[in-house]
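Structural characterization, general
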Amino acid sequence: MDTKTVFSLVFFAFLAANRTVVSGAPSFAIDYKNNCFQKDGKPFQYVSGSIHYSRIPHYYWKDRLLKMYMAGLNAVQIYVPWNFHEEKRGVYNFTGDRDLENFLDLANQTGLLVILRPGPYICAEWEMGGLPAWLLQKPNIVLRSADTDYLEAVNTWMAVLLPKMRRWLYTNGGNIITVQVENEYGSYYTCDYNYMRHLRTLFQFFLGDKTVLFTTDGNTDREMTCGTLEGMYATIDFGTDVNISQAFSRQRRFEPRGPLVNSEFYTGWLDHWGDQHAQVDTQKVSRMLGEMLSIGASVNMYMFEGGTNFGYWNGADHDNRFRSVVTSYDYNAPLSEAGDPTEKLLAIRNTISKFRDIPVGPMPPASPKMAYGFVTLTMVGNLSSLLDTLSPQGPVRSLYPLSFEEMKQYYGFMLYRTKLPRDLPEDTPLISPLNGVHDRAYVSVCGVFQGLLERDTTLVMNLTGKQGDQVDVLVENMGRVNFGSKINDFKGLLSNLILGKDVLTDWQIYRLDIDGAIASGWPQSGQRRSPPNPVRGPSDGPVFYQGTLPPNGLAWDTFLRLNEWTKGQVWINGVNLGRYWPKRGPQQTLYVPGPLLSPTQPNNITVLELERAPPHTRVLFMDRPQLDSTAGKTSQLQTTDRQT
């Protein structure tokens, strides 16, 4: 080999090794020497905000991203909920509100980098922490571990998701700068390093070994110990009630060199049914943000916009008892549930402007809102009388109750039907002795509502009736636990019900496709409807109501108030808005995105009231939300820049 050839080989090897410098190819890495990120060879600090595409209708993604950009952010952080894309095993959906790549593209067009959190577990106050409920068909599966069945499902899912993400990596010309592996794993009881090693290998295989992988954990030694692993950069999360120096000192014990990173700086907090509406002080948020930015830390604000738990997607907590998360995920965030700028956003924007140039120009305004007024609903019928429509396949017969998972109905409602085994002339206790009602059971005898059983709180009620009377038990899944050791959260009747001295047996179990029926036009399409009976008034127990909101030429955002209604579910034009429960609160209104409404055609409203409707059967469309149970204490942030 001559000298010229040797020189050529060395020269081209040098070019390959230094392609970033020579060709200007994008790069993103951790600079351990200077304790920072490096983007294209220069020090980089991100100021990011969390936004969940799964909680925001896709037609509003661009609006929300633009507002985040104008607030001074240079990045957004997003979760990928596995169950949102694979509700049924092997059936993947990346269209419409699930079009993740469209979201990434819009963020890229807006000028925002992306911090990707693909799980497989995400928490996020999302149903089962983003894990698909069909995993529970293996009753003994150990989630978030090296369990063979679990890893097999994870491998299959990641082999679908991660190749889609590879082209969006910053180093490949996209906008994803870092990728989180798992999520706050140190808070989970298994502490399985083999599982985390497996995920690290899996992510590196699909994304390349140069991709910056990281972990996020809570501000305790135990969480950081179990959640971190060599080869993935360890970051921490904390809110306004924490000493910044102490928290970052803990991160330093696990990452002696590299950037300081708060991956979840809490701008607000979640609400459970029965809570007061959570609020976090604006001045504390902006002050602590400034302190972190001043020491060079990269910060992601969780949340920047929360959005809405439409349908059945809310999660739940289980500490001393089961507590379901409300439909609104407003989170007291800088952008409201409806995407409106708040005083908190303006304060944060002012803080960011002290550390980096922010875009010139006014903040995009709040979207217009409309108070459409009252609509009176009429009764369609008792749920148990509508099974031909709601469960056309008919019942499954079983000696003992079967769970939602065994029936392969993972969300919503199922009806369990049996007969009284003997005459009950006096009140006789119906008991769930093993706390087996997950999560609420609405009990009727011969179509007459008798009362309810509720997980952890109401385990006994009384029944009367005659031998052979029909007993209907409608069970509601209120959302699976998303955090902690109890995420294996099976739903339905998980153990026998005992009536006096008798174990109830010989069940007919109905899967209920309520969403499918309503999406197909029922009940407005004229299928089975009870004849009007104005004298009788509303019935107790699970009953459907329907009505129409007349068009007025506008399709603006609005908020639905069900004053004096008890608890249930609402659909508008076939779309499931989520749960209402004004009696328990704090949330009093449901967010209705304007594009769901037709400006020219009647808008169909369907309500499933589970306990009791008010005599007036009216609902009210308002121009502002009420997320606090106490009238007059409507969250102040919600009125900022509000248009009517």
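Refer to the structure printed above.
Read on for an overview of the structure. Every value quoted in this text rests on a predicted model; they were computed, and no experiment measured them. One numbering rule holds for all chains: residues counted from 1, following each sequence as written. For this predicted model, a pLDDT threshold of at least 70 governs which residues receive local features, and a threshold of 80 or more governs which side-chain atom pairs are given and counted, while totals over whole chains, interfaces and linings are taken from all residues. In computing side-chain values, all of the structure's heavy atoms are included and hydrogens and water are not.

For the rest of this paragraph, the subject is helix α7 (residues 193-207). Since the α-helix turns once every 3.6 residues, residues separated by three or four places project in the same direction. Strands here are runs of E lasting at least two residues and helices are runs of H or I lasting at least four, both read from the DSSP assignment and numbered beginning at the N terminus. Residue count minus one, scaled by 1.5 Å, sets the expected span of a helix. With 15 residues, α7 extends 21 Å between its outermost C-alpha atoms, agreeing within 8% with the 21 Å of an ideal straight helix rising 1.5 Å per residue. Burial classes: relative accessible area under 20% of the type maximum marks a residue as buried, over 50% as exposed, and values in between as partly exposed (1.4 Å probe, protein chains only). Among all positions in α7, only Y195, M196, L199, R200, L202, F203, F206 and L207 are buried. Projection of α7 onto a plane perpendicular to its axis shows the buried side chains occupying an angular sector of 165°, all on one side. In α7, the exposed positions that point more than 90 degrees away from the buried face belong to N194 and F205. Sitting at the amino-terminal end of α7 is D192, which places a side-chain oxygen 3.0 Å from the backbone nitrogen of N194. The arc in question is the one spanned by the directions pointing from the helix axis to the C-beta atoms. Pairs of N or O atoms within 3.5 Å make up the polar contacts considered here, provided that, within protein, one atom can donate a hydrogen while the other can accept it, and that residues adjacent in sequence are counted only when both atoms are side-chain atoms.

This part takes up the state of the cysteines. Note on terminology: pairs of cysteine sulfur atoms within 2.5 Å are recorded as disulfides. Summed over the entire model, instances satisfying the criterion amount to one disulfide. For C191, the disulfide goes to C226, at an S-S distance of 2.0 Å. Taking the sign of the S-S torsion, about -90° here, the bridge from C191 to C226 comes out left-handed. Placement of the pair is C191 in the loop between β7 (176-180) and α7 and C226 in helix α8 (residues 221-227), with a sequence separation of 35 residues. Taking relative accessible area as the criterion, C191 reaches 22% and is therefore assigned partly exposed. Distance from the sulfur of C123, which forms no disulfide, to the nearest cysteine sulfur (C226) is 17 Å. By relative accessible area, which is 6% here, C123 ends up buried.

Moving on to the packing of helix α3 (residues 61-70) against helix α5 (residues 100-110). α5 packs onto α3 with a crossing angle of 35° between their chain directions and a minimal axis gap of 10 Å. The handedness of the crossing between α3 and α5 is right-handed. Here W61, K62, L65, L66 and Y69 of α3 lie close against α5, whose contacting residues are N102, F103, L106, A107 and T110. Think of it as three bins: nonpolar holds Ala, Val, Leu, Ile, Met, Phe, Trp, Tyr, Cys and Pro, charged holds Asp, Glu, Lys and Arg, and polar takes everything else, Gly as well. Residue classes in the contact of α3 with α5 are distributed as seven nonpolar, two polar and one charged. Under this scheme, a helix contributes an axis fitted over its contacting stretch, all axes are lines through C-alpha atoms, and angles between N-to-C directions fall in the 0 to 180 degree range. Take the far helix as the reference: if the near one is turned anticlockwise from it by less than a right angle, the crossing is left-handed, and if turned clockwise, right-handed. What makes two residues a contact is simply this: any of their non-hydrogen atoms within 4.5 Å.

Here we take up helix α10 (residues 282-294). An ideal rise of 1.5 Å per residue puts 18 Å on 13 residues; α10 measures up with 18 Å between its terminal C-alpha atoms. All buried positions along α10 are accounted for by V285, S286, M288, L289, G290, M292 and L293. Residues of α10 that are buried in the fold lie against β4 (47-51), β9 (233-238), α9 (244-254), β10 (261-266), β11 (298-305) and α11 (343-352). The N-capping residue of α10, defined by a side-chain oxygen 3.1 Å from the backbone nitrogen of Q283, is D281. Following α10 by one or two positions, G296 has its phi on the positive side, about 85°.

This part takes up the pattern of salt bridges. One side-chain nitrogen of Lys or Arg within 4 Å of one carboxyl oxygen of Asp or Glu is enough to make a salt bridge. This structure, assessed with the given rule, holds 29 salt bridges. In this structure, R422 and D502 form a salt bridge, with 2.5 Å as the shortest nitrogen-oxygen distance. Taken together, the residues R422 in the loop between β17 (413-419) and β18 (424-431) and D502 in strand β26 (residues 502-503) connect sequence positions 80 residues apart. For E476, the salt bridge goes to R579, with nearest N and O atoms at 3.1 Å. One end of the pair, E476, is in strand β23 (residues 470-476); the other, R579, is in strand β31 (residues 575-580), with 103 residues separating them in the sequence. In this pair, the class of E476 matches that of R579, namely buried. One continuous salt-bridge network, built from bridges that share partners, spans D63, R64, K67 and E305.

Think of it this way: DSSP has to see at least two bridges between two strands before they count as a pair. The antiparallel open sheet is built from four strands, whose spatial order is β22-β18-β25-β26. Edge positions in the sheet fall to β22 (460-465) and β26, since each of these pairs with one other strand and no more. Both strand β25 (residues 498-499) and β26 contribute to a ladder of two bridges, which runs antiparallel. Bridging from a neighbouring strand, I498 pairs with V503 of β26.

With four of its five residues buried, strand β15 (residues 378-382) lies for the most part within the structure. Of the strand pairs in this sheet, β15 and strand β28 (residues 543-549) are connected by four bridges, and their pairing is antiparallel. Paired with G381 across the two strands is F544, which belongs to β28.

Overall, antiparallel pairing links the five strands, which are arranged β15-β28-β33-β30-β31 in an open sheet. Since the sheet does not close on itself, it has two edges, and those belong to β15 and β31, each with one partner. Averaged over all neighbouring strand pairs, the angle between strand axes comes to 20°, with direction disregarded. In this structure, β28 lies alongside strand β33 (residues 603-609), joined through seven bridges in antiparallel fashion. In the strand pairing of β33, T548 is matched with N604.

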